[in-house]
Amino acid sequence: PSYYDAFIWLADNYTFMGKYEEAQAVFTVLDSRRGKFPFRLSDELELARTNLYLMKKDYAKAMESLTLITTVIKKNKKKNRYHYIMAQLHERNNNYTEAVAHYKKSMTGRPKYEMLFAAQMSIARIASYDQSMPPGEIKKMLN
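All chains use their own residue numbering, which begins from 1 and follows the written sequence. Given that this is a predicted model, residues contribute local features only at a pLDDT of at least 70 and side-chain atom pairs are listed and counted only at 80 or more, while totals for whole chains, interfaces and linings are drawn from all residues. For the side-chain quantities, the full set of heavy atoms in the structure was used; hydrogens and water were omitted.

The next thing to look at is the environment of Leu66. Secondary structure counts use DSSP, requiring at least four H or I residues in a row for a helix and at least two E residues in a row for a strand, with both numbered from the N terminus. Counting through the fold element by element, Leu66 comes out in helix 4 (residues 59-72). Spatially, the C-alpha atom of Leu66 lies 21 Å from that of Glu114, the residues being 48 residues apart in sequence. Once residues lying within four places of it in the same chain are set aside, the contact partners of Leu66 are Thr50, Tyr82, Ile85, Met86 and Leu89. Note on definitions: a residue-residue contact is assigned when non-hydrogen atoms from the two residues lie within 4.5 Å.

Okay, here's the thing in structure tokens:
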């Protein structure tokens, strides 16, 4: 029962050791067994794959994995975190409209205060860059 868990852990360990080719080989093995792969681990598999892409600084593929994760995950607390990461990646690529949209998605439900505050600060920072919100509205949001 822990066969696939072990493969995901192996891929994660290879990723954090900097052995990206080995990690990619593990993902290739797991992808070849998609029919037998348990659905309960699909979000963990994509999260491990996202970590690999982030470590390799392949942000486009990381965005694809994060998008897939947010469609699979049902719990808002986890989903909020991944939307926040996606917003940071969009902001890094100067795609401010998408970044703001994902920051707002990270604030849905009942996020922790730290997440809510960080998302609001990021929206305010972006709005000050591109002048998309008037200063009064930014001040009101932060108050």
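This part is about the packing of helix 2 (residues 20-32) against helix 3 (residues 42-55). Only the stretch in contact is used when fitting a helix axis, every axis being a line fitted to C-alpha atoms; angles between N-to-C directions are given from 0 to 180 degrees. Here helix 2 crosses helix 3 at 150 degrees, and the two axes come no closer than 11 Å. Relative to helix 3, helix 2 is oriented roughly antiparallel. Relative to helix 3, helix 2 is oriented so that their crossing is left-handed. Two secondary-structure elements touch here, helix 2 through Tyr20, Ala23, Gln24, Phe27, Leu30 and Asp31 and helix 3 through Leu45, Ala48, Arg49, Leu52, Tyr53 and Met55. Residues were grouped as follows: Ala, Val, Leu, Ile, Met, Phe, Trp, Tyr, Cys and Pro as nonpolar; Asp, Glu, Lys and Arg as charged; and all remaining residues, including Gly, as polar. Counted by class, the contact of helix 2 with helix 3 contains nine nonpolar, one polar and two charged residues. With respect to orientation, any angle under 35 degrees is reported as roughly parallel, any angle over 145 as roughly antiparallel, any angle of 65 to 115 as roughly perpendicular, and every other angle as oblique. Left-handed describes a crossing whose near helix is turned anticlockwise from the far helix through less than a right angle; right-handed describes the clockwise counterpart.

Multiplying 1.5 Å by the residue count of a helix minus one yields the expected span of that helix. Taking 1.5 Å per residue as the helical rise, helix 2 with its 13 residues ought to reach 18 Å, and the 18 Å between its terminal C-alpha atoms agrees with that figure. Of the residues making up helix 2, those classed as buried are Ala23, Val26, Phe27 and Leu30. Down the axis of helix 2, the sector holding all buried residues measures 100 degrees, keeping them to one side. Of the exposed residues in helix 2, those oriented more than 90 degrees away from the buried face are Glu21 and Ser32. The elements touched by buried residues of helix 2 are helix 1 (3-17) and helix 3. Only protein chains enter the accessibility calculation, which uses a 1.4 Å probe; a residue whose area is less than 20% of its type maximum is buried, one above 50% is exposed, and one in between is partly exposed. This arc corresponds to the set of directions leading from the helix axis out to the C-beta atoms.

Here we come to the packing of aromatic side chains. Note on aromatic contacts: the rings of Phe and Tyr and the six-membered ring of Trp form a pair at centre separations within 6.5 Å, being stacked when their planes are under 30 degrees apart, edge-to-face when over 60 apart, and tilted otherwise. Applying the stated criterion across every chain yields a total of five aromatic pairs. Judged by centre distance (5.0 Å) and plane angle (70 degrees), the rings of Tyr3 and Phe7 are edge-to-face. One end of the pair is Tyr3 and the other is Phe7, both in helix 1 and four residues apart, which spans about a single turn.

The subject of this paragraph is the pattern of salt bridges. Should the charged atoms of two oppositely charged side chains come close, the side chains can pair. One speaks of a salt bridge when a side-chain nitrogen belonging to Lys or Arg is within 4 Å of a carboxyl oxygen belonging to Asp or Glu. One pass over the full model with this rule turns up four salt bridges. The salt bridge involving Asp5 is made with Arg40; its shortest N-O contact spans 3.7 Å. Here the residue Asp5 occupies a position in helix 1, and Arg40 occupies one in the loop between helix 2 and helix 3, the gap between them amounting to 35 residues. A relative accessible area of 52% means that Arg40 is categorised as exposed. The salt bridge involving Arg49 is made with Asp31; its shortest N-O contact spans 2.8 Å. On the criterion of sequence distance, the pair formed by Arg49 in helix 3 and Asp31 in helix 2 is long-range, its members being 18 residues apart. In this structure Asp31 comes out as partly exposed when scored by relative accessible area, which is 31%. Members of the salt-bridge network, linked through shared partners, are Asp31, Glu46 and Arg49.

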